[in-house]
Amino acid sequence: MPSRKDELAERRFAKLVDQIKAMMSAGLKPEDRGFYGQLVLTREAVADLGEVAEVRRAARAAGRQVGWNARTHVTNDGTLFIIDDRDPPQEVRDLAARRSAEAVSAVIANAQAEARIRRTSAPSTPPLRNPDEGL
């Protein structure tokens, strides 16, 4: 017969799995069809959820429930990364590559526009004359 303490621990763990699963699902883009999942939890967020080892274990369990091959990594500052390590189908990879190219293109276009504005808005100063030269 399981002890009351074990039942409470199991219920607490199941609740933690549900919390993490909800956070994982909230970050997914429908067009990625469940791939490219990632969740980043700050040290404070991890502390709010519980012990790091238990949160990592719950993250892997939650990942299995949402179909991820969840990998976890804790940085030196206590940030926890939870990443779906599955290989997405080609059409999802193509879509992600297109979105990445568009994002890079937008950054470059923005930088070029800002440079153009700086060049055209710079005050034009007449060239300095040498005082030794005549008028």
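Heads up: the structure comes first, above all this text.
Residues numbered from 1 in each chain as written. Predicted model: local features only at pLDDT ≥ 70, side-chain atom pairs only at ≥ 80, totals over all residues. Heavy atoms only, no water.

Visitor: Any chance you could explain the sheet that holds strand S3 (residues 80-84) here in plain terms?
Guide: Strand pairing in a sheet relies on backbone hydrogen bonds, with the paired strands running either antiparallel or parallel. Strand order in the open sheet formed by three strands is S1-S3-S2, with antiparallel pairing between adjacent strands. In the strand order of this sheet, the two ends are held by strand S1 (38-41) and strand S2 (70-74), each with one partner. Between one strand axis and the next, the sheet turns by 10° as a mean value, whatever way the strands run. One ladder, built from four bridges, connects S1 with S3; its direction is antiparallel. (Pairing = 2+ DSSP bridges. Helix = DSSP H or I, 4+ residues; strand = E, 2+ residues; numbered from the N terminus. Axes fitted to C-alpha atoms, helices over the stretch in contact; angles between N-to-C directions.)

Visitor: How should I be thinking about the pairing of S3 in this particular structure?
Guide: Residues Leu80, Ile82 and Asp84 point to one face of S3 and are all buried, whereas Phe81 and Ile83, pointing to the other face, are not buried. In the sheet, S2 pairs with S3 via five bridges, with the strands oriented antiparallel. Pairing of Val74 across the sheet is with Leu80, part of S3. In this antiparallel pair of consecutive strands, S2 and S3, the connection spans five residues, and Gly78 shows a positive phi of 95°. (Buried < 20%, exposed > 50% of the residue type's maximum accessible area, 1.4 Å probe, protein only.)

Visitor: Explain the packing of aromatic side chains here, please?
Guide: Both the distance between ring centres and the angle between the ring planes are used here to describe each pair of aromatic rings. In the structure shown here, the tally under the stated rule is zero aromatic pairs. Across from the ring centre of Phe13, 3.9 Å away, lies the NZ or CZ of Arg57, which sits over that ring. Taking NZ or CZ as reference, Arg86 lies 4.1 Å from the ring centre of Phe35, over its face. (Phe/Tyr/Trp six-rings, centres within 6.5 Å; stacked < 30°, edge-to-face > 60°. Lys NZ or Arg CZ within 6 Å of the ring centre and 35° of its normal.)

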